[in-house]
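Read off the chains here:
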Amino acid sequence: MLNYAIKRIGLAVLIIFLVMLAMYAMVFLVPGDPASLALGPRATPELKQALMESMGLDKPVYVQVWNFFRNALTGDLGYDVWSKRPVADMILEVFPQTLFLGAVALGTAVVLGIGLGCLAVLWRGSLADRLLAVLSVSMISVPSFVIAIYLLLIFAVWLGWFPAIGAGEAGNVKSQIQAVILPAAAIGITWVGYIARLVRASMLDVMGANHVRTARAFGLTERKIVLRYALRIAIIPTIAILAVGFGSILSSAVFVETVFSRPGIGSLITGAVLKRNYPVVMGAVLFMTAFYLFVVTAADLLMAYLDPRIRDVLRG
Amino acid sequence: MCSVASRGSRTAWRALRADALGMMGFVIVATFIAMALFAPWIAPYDPLKIDVAHKFATPSLSHFAGTDQLGRDLLSRLIYGARTALGIALTATGIAGLCGILLGIIAGYGPRWLDALLVLVFDSLTSLPMIMLALAVITVLGPGTATLIFVIIIISVPGYARFIRAQTLSLVRSDFILAERVMDASHLRIILIHLLPNVAGQLLIVLSMDIPIVIMLEAGLSYLSLGVKPPTPSWGNILYDAYIALRQSPFMVVVAGLPLVLATLGFTFLGEALRDALDPRLQLKVIR
């Protein structure tokens, strides 16, 4: 187990290192330097020089890379080109909003997805099962930002049930919850479909297992078998993908936060990319990548701890 | 190989006809392809022609889907948008597929150290959140259609290469390749005549199932003004224009989102039906 853990964590650290190295490599391979790109046509040589120095771009590449990693390890991700604020502060300020959005979205998706999956198994082979299958595929394939815009139009603009923009008043839990519902629904809906499909498929596998047959022989009702015996085993693959789900939900937040003008890491990055604000983009991408890899690796280790068979896969 | 391919396509067609949803997907996809190919003949107006006097027009006989904030005909823009969406999706997945085949065969057939190195690169790229990777590349290269295609290639190649590598590895161990080797066949012959035809067909299904994701990425990034640049009609930037004008012309949003909903659904239904007919083991992907 320790061996497995070291390998997994080592791989994650290596990946983060490679990512940042690749980003630096790209910055230097591309014609035009970041400072004049960020300044645009207004760039005077003096302004450019000052910006280059403040971004550390005047030093040799290896010094820059070294500085970046050394600073990143101590929690210093550099400074915003325009506002001069520390990037780490900017990220930590908005990250809880994205985390909250992601947690609500994934939580709801898990409950609804498992529910729909169970219903599909209970009604398997029927018309309702087929309709649920079509519904799940549709939920997976329609892009979240399109759903977000439709939800915004219907429930915020036409019906006026929810606020159209923002994340609610600070400190006012009720308004924050109201503001999170539509964006969370938009991001979560993909995962409702995905989890429903997964639960249905893995549960149908379990339905042929010996203990289910025994339960059936004892005369238990189908509902009891599905909910009490099949679900308990069928849920394992679902738990296994939740970490990836969380990461993917945080990524889709990029689109949905923009649609709802919600403060968050997604809108922070998008704004920075548009202004080619390198330090902010680099810092936020590094932060999100590290967070994602942390969640996925932690989940992998947890699964490996619970199920020794998984450890052997990496060995083989 | 030719007979295998035609048998494959016949099986696929028979399966499609039996599958109502797959057939629906096929019809939707065929419609969008026709729209993309024949856009100049189908579109009632020039998609770039500005007519501010008639901005935000509601649907009428002269403008079936109304007009946008500059008075451009929305239907024409959406039809040309199909051209943008499919053009980018096919170019990008096509190139990505070729790169995937090349790198996958190199990894699976080449020396062990190269394989290990390539797998490390593939795994690093696939373990990143896709959107973060895209945004990082766009910041460096600057937004635009070429960058968009490049981003899609970077995101998709590792998955395809991994897939081809696995196929190659299992083929290399098979008896007929061994026989070729015993007969002193050149590596080039083994790769071109035996490996390539056997792995390429499989990859086609994977590629076709990825098209809705690529369409989504193109539209999503264009929506964020990080993809196709206006005034070129893309479903993403049309939707963005509509979103900005949400309160003035709610109708525009409803129409502007429809092609994206229909296209992603159509391609997914078709892909699923083809998958079920040809290779049920493949899984539907979600965006990372």
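All residue numbers here refer to positions counted from 1 along the written sequence of the relevant chain. Just so you know, chain letters begin at A and ligand numbers begin at 1, following the order they were written in. Only residues with pLDDT of at least 70 get local features here, since the model is predicted, and only at 80 or more are side-chain atom pairs given and counted; chain-wide, interface and lining totals rely on the full set of residues. Water and hydrogen atoms play no part in the side-chain values, which are based on all heavy atoms of the structure.

**Side note on the overall build of chain B**
Consideration 1: Note on conventions: DSSP H or I runs of at least 4 residues are helices, E runs of at least 2 residues are strands, and numbering of each starts at the N terminus. Regarding its fold elements, chain B presents 11 helices and 0 strands.
Consideration 2: The secondary structure elements of chain B, listed N-terminal to C-terminal, are α-α-α-α-α-α-α-α-α-α-α.
Consideration 3: By its C-alpha atoms, chain B is 75 × 45 × 25 Å across when sized along the principal axes.
Consideration 4: For chain B, with 288 residues in total, the buried portion stands at 54%.
Consideration 5: Between two residues, a contact is recorded if the distance between any of their heavy atoms is within 4.5 Å. Across chain B, contacts joining residues at least 24 apart in sequence account for 69% of those joining residues at least 6 apart.
Consideration 6: When charges are counted, Lys and Arg contribute as positive and Asp and Glu as negative, whereas His and the chain ends are disregarded. Charge placement uses NZ in Lys and CZ in Arg. For Asp and Glu, CG and CD serve respectively. Each charge class in chain B can be summarised by its mean position, and for the 21 positive and 16 negative side chains these summaries are 2 Å apart. Relative accessible area decides the class of each residue, using a 1.4 Å probe on protein chains only: under 20% of the type maximum gives buried, over 50% gives exposed, and in between gives partly exposed.

**Describing the overall build of chain A**
Consideration 1: Across its full length, chain A holds 13 helices and 0 strands.
Consideration 2: Going from N to C terminus, chain A has its helices and strands arranged as α-α-α-α-α-α-α-α-α-α-α-α-α.
Consideration 3: In terms of its C-alpha atoms, chain A occupies a principal-axis envelope of roughly 85 × 55 × 35 Å.
Consideration 4: Here chain A, with 316 residues, has 48% of them falling under the buried criterion.
Consideration 5: For chain A, the share of sequence-separated contacts (at least 6 apart) that also reach a separation of at least 24 residues comes to 72%.
Consideration 6: Each accessible area value is a Shrake-Rupley result obtained with a 1.4 Å probe; residue values ignore everything except the protein chains displayed when judging cover. Put simply, chain A shows about 15,200 Å² of open surface, and 69% of that area lies on carbon and sulfur atoms.
Consideration 7: Where the 25 positive side-chain charges of chain A centre and where its 16 negative ones centre are 13 Å apart.

**Quick notes on the nonpolar core**
Consideration 1: Counting 178 residues, the largest nonpolar core has Phe 145, Met 203 and Val 259 of chain A together with Trp 235 of chain B as the members making the most contacts within it.
Consideration 2: Among all residues touching Trp 235 of chain B, those that are not within four sequence positions of it are Phe 32, Leu 78, Gly 81, Ala 82, Ala 85, Ile 215, Pro 259, Leu 260 and Ala 263 of chain B. In plain words, nonpolar cores are sets of buried Ala, Val, Leu, Ile, Met, Phe, Trp, Tyr and Cys residues tied together by side-chain atoms within 4.5 Å.

**Considering helix H9 (residues 187-223) of chain B**
Residues and elements named next belong to chain B.
Consideration 1: Take the residue count of a helix, subtract one, and multiply by 1.5 Å to get its expected span. The first and last C-alpha atoms of H9 sit only 47 Å apart over 37 residues, clearly below the 54 Å expected at 1.5 Å per residue.
Consideration 2: Here the bend at a residue is taken as the angle between two axes, fitted respectively to the seven residues that end there and the seven that start there. At Leu 196, H9 shows its maximal kink, close to 45°; a proline, Pro 197, follows between one and four residues later.
Consideration 3: Of the residues trailing H9, Ser 225 is marked for its positive phi of about 65°.

**With respect to empty space enclosed by the protein**
Consideration 1: Space inside and on the surface of the protein is sampled on a 1 Å grid over the protein atoms alone, with a cavity defined as a set of points where a 1.4 Å probe fits but cannot get out and a pocket as an open set with protein on both sides within 12 Å along at least 5 of 7 lines; lining residues have an atom within 4 Å of a point. Grid points are joined across faces, edges and corners, and a volume is the space filled by probe spheres set on the points. The full count for this structure, using the stated rule, is 2 cavities of 30 Å³ or more.
Consideration 2: For the second largest cavity, the calculated volume is near 40 Å³.
Consideration 3: As for the second largest cavity, its lining consists of Gly 247, Leu 250, Ser 251, Met 288, Phe 291 and Tyr 292 of chain A together with Pro 129 of chain B.
Consideration 4: Those elements giving two or more residues to the lining of the second largest cavity turn out to be helix H10 (222-259) and helix H12 (278-306) of chain A.

**Observations concerning the confidence of the model for chain B**
Any residue range with low pLDDT should be treated as having predicted coordinates unsuitable for detailed reading.
Residue and element names in this part refer to chain B.
Consideration 1: Values of pLDDT, which run from 0 to 100, indicate the predictor's confidence residue by residue. Per-residue confidence for chain B averages 85 on the pLDDT scale, and 94% of its residues sit at or above 70.
Consideration 2: Of all the helices and strands in chain B, helix H1 (residues 2-18) carries the lowest mean pLDDT, 66, while helix H4 (residues 74-109) carries the highest, 92.
Consideration 3: Taken together, the chains of this predicted complex give a pTM of 0.85 and an interface ipTM of 0.86.

**Some thoughts on the interface of chain A and chain B**
Consideration 1: Counting residues at the interface gives 49 residues for chain A and 47 residues for chain B.
Consideration 2: Put simply, buried area is how much 1.4 Å-probe accessible surface two parts lose in total, over both of them, once they are put together. Both sides together, the interface formed by chain A and chain B hides about 4,400 Å², and carbon and sulfur atoms give 80% of it.
Consideration 3: The rule for a salt bridge is simple: a side-chain nitrogen of Lys or Arg has to be within 4 Å of a carboxyl oxygen of Asp or Glu. Run the count over chain A and chain B and you get 1 salt bridge.
Consideration 4: The shortest N-O distance in the salt bridge between Arg 197 of chain A and Glu 272 of chain B comes to 3.0 Å.
Consideration 5: Polar contact is the term for a pair of N or O atoms within 3.5 Å; when the atoms are in protein, one must be able to donate a hydrogen and the other to accept it, and sequence-neighboring residues count only if both atoms are side-chain atoms. The interface formed by chain A and chain B holds 4 residue pairs in polar contact (both at pLDDT 80 or more) in total.
Consideration 6: Put simply, the parts of the chain that give the side of chain A that touches chain B at least two residues each are helix H1 (2-29), helix H6 (127-141), helix H7 (144-158), helix H8 (173-206), H10, helix H11 (265-274) and H12 of chain A.
Consideration 7: We call Asp, Glu, Lys and Arg charged. Ala, Val, Leu, Ile, Met, Phe, Trp, Tyr, Cys and Pro are nonpolar, and the rest, Gly among them, are polar. Residue composition of the side of chain A that touches chain B, by class: 38 nonpolar, 9 polar and 2 charged.

**Considerations on the packing of aromatic side chains**
Consideration 1: The criterion for an aromatic pair is that two Phe, Tyr or Trp rings (for Trp, the six-membered ring) have centres within 6.5 Å, with stacked assigned to planes under 30 degrees apart, edge-to-face to planes over 60 apart and tilted to the rest. Evaluation of the coordinates by the stated rule reveals 12 aromatic pairs over all chains.
Consideration 2: Taken together, a centroid distance of 5.0 Å and an interplanar angle of 70° make the contact between Trp 191 of chain A and Tyr 194 of chain A edge-to-face. Here the residue Trp 191 of chain A and the residue Tyr 194 of chain A both occupy positions in helix H8, the gap between them amounting to 3 residues, near one helical turn. With respect to burial, Trp 191 of chain A and Tyr 194 of chain A carry one shared label: buried.
Consideration 3: Taken together, a centroid distance of 6.4 Å and an interplanar angle of 40° make the contact between Tyr 240 of chain B and Tyr 243 of chain B tilted. Within this pair, Tyr 240 of chain B and its partner Tyr 243 of chain B are both found in helix H10 (residues 235-244), separated by 3 residues, close to a single helical turn.
Consideration 4: A residue is classified by how much of its surface remains accessible, and Tyr 240 of chain B, at 29% relative accessible area, is partly exposed.
Consideration 5: With a relative accessible area of 14%, Tyr 243 of chain B lands in the buried category.
Consideration 6: Members of the aromatic cluster, each reached through a chain of ring pairs, are Phe 145 and Phe 255 of chain A together with Tyr 223, Tyr 240 and Tyr 243 of chain B.

**A word on H10 of chain B**
Consideration 1: Of all 10 residues making up H10 of chain B, 8 are buried, and the element is well covered by its neighbours.
Consideration 2: Listed as buried for H10 of chain B are Trp 235, Gly 236, Asn 237, Ile 238, Leu 239, Asp 241, Ala 242 and Tyr 243 of chain B.
Consideration 3: Contact partners of the buried residues in H10 of chain B: H7 and H10 of chain A together with helix H2 (20-37), H4, H9 and helix H11 (250-278) of chain B.

**Describing the environment of Gly 266 of chain B**
Residue and element names in this part refer to chain B.
Consideration 1: Assignment of secondary structure puts Gly 266 in helix H11.
Consideration 2: A residue is classified by how much of its surface remains accessible, and Gly 266, at 0% relative accessible area, is buried.
Consideration 3: Considering only alpha carbons, one finds Gly 266 and Met 24, 242 residues apart in sequence, at a separation of 7.0 Å.
Consideration 4: With residues near it in sequence (within four places) discarded, Gly 266 still touches Gly 25, Ile 28 and Val 29.

**A word on the packing of helix H5 (residues 87-122) of chain A against H10 of chain A**
Residue and element names in this part refer to chain A.
Consideration 1: Following both chains from N to C, one finds H5 and H10 inclined at 145°, their axes separated by 7 Å at the closest point. As H5 runs across H10, the sense of the crossing is right-handed.
Consideration 2: Of the residues in the contact of H5 with H10, the class split is 19 nonpolar, 3 polar and 3 charged. Lines are fitted to the C-alpha atoms to define the axes, a helix being fitted only along its stretch in contact, and any angle between axes, read from their N-to-C directions, falls within 0 to 180 degrees. Note: crossing handedness is left-handed where the near helix turns anticlockwise from the far helix by less than a right angle, and right-handed where it turns clockwise.

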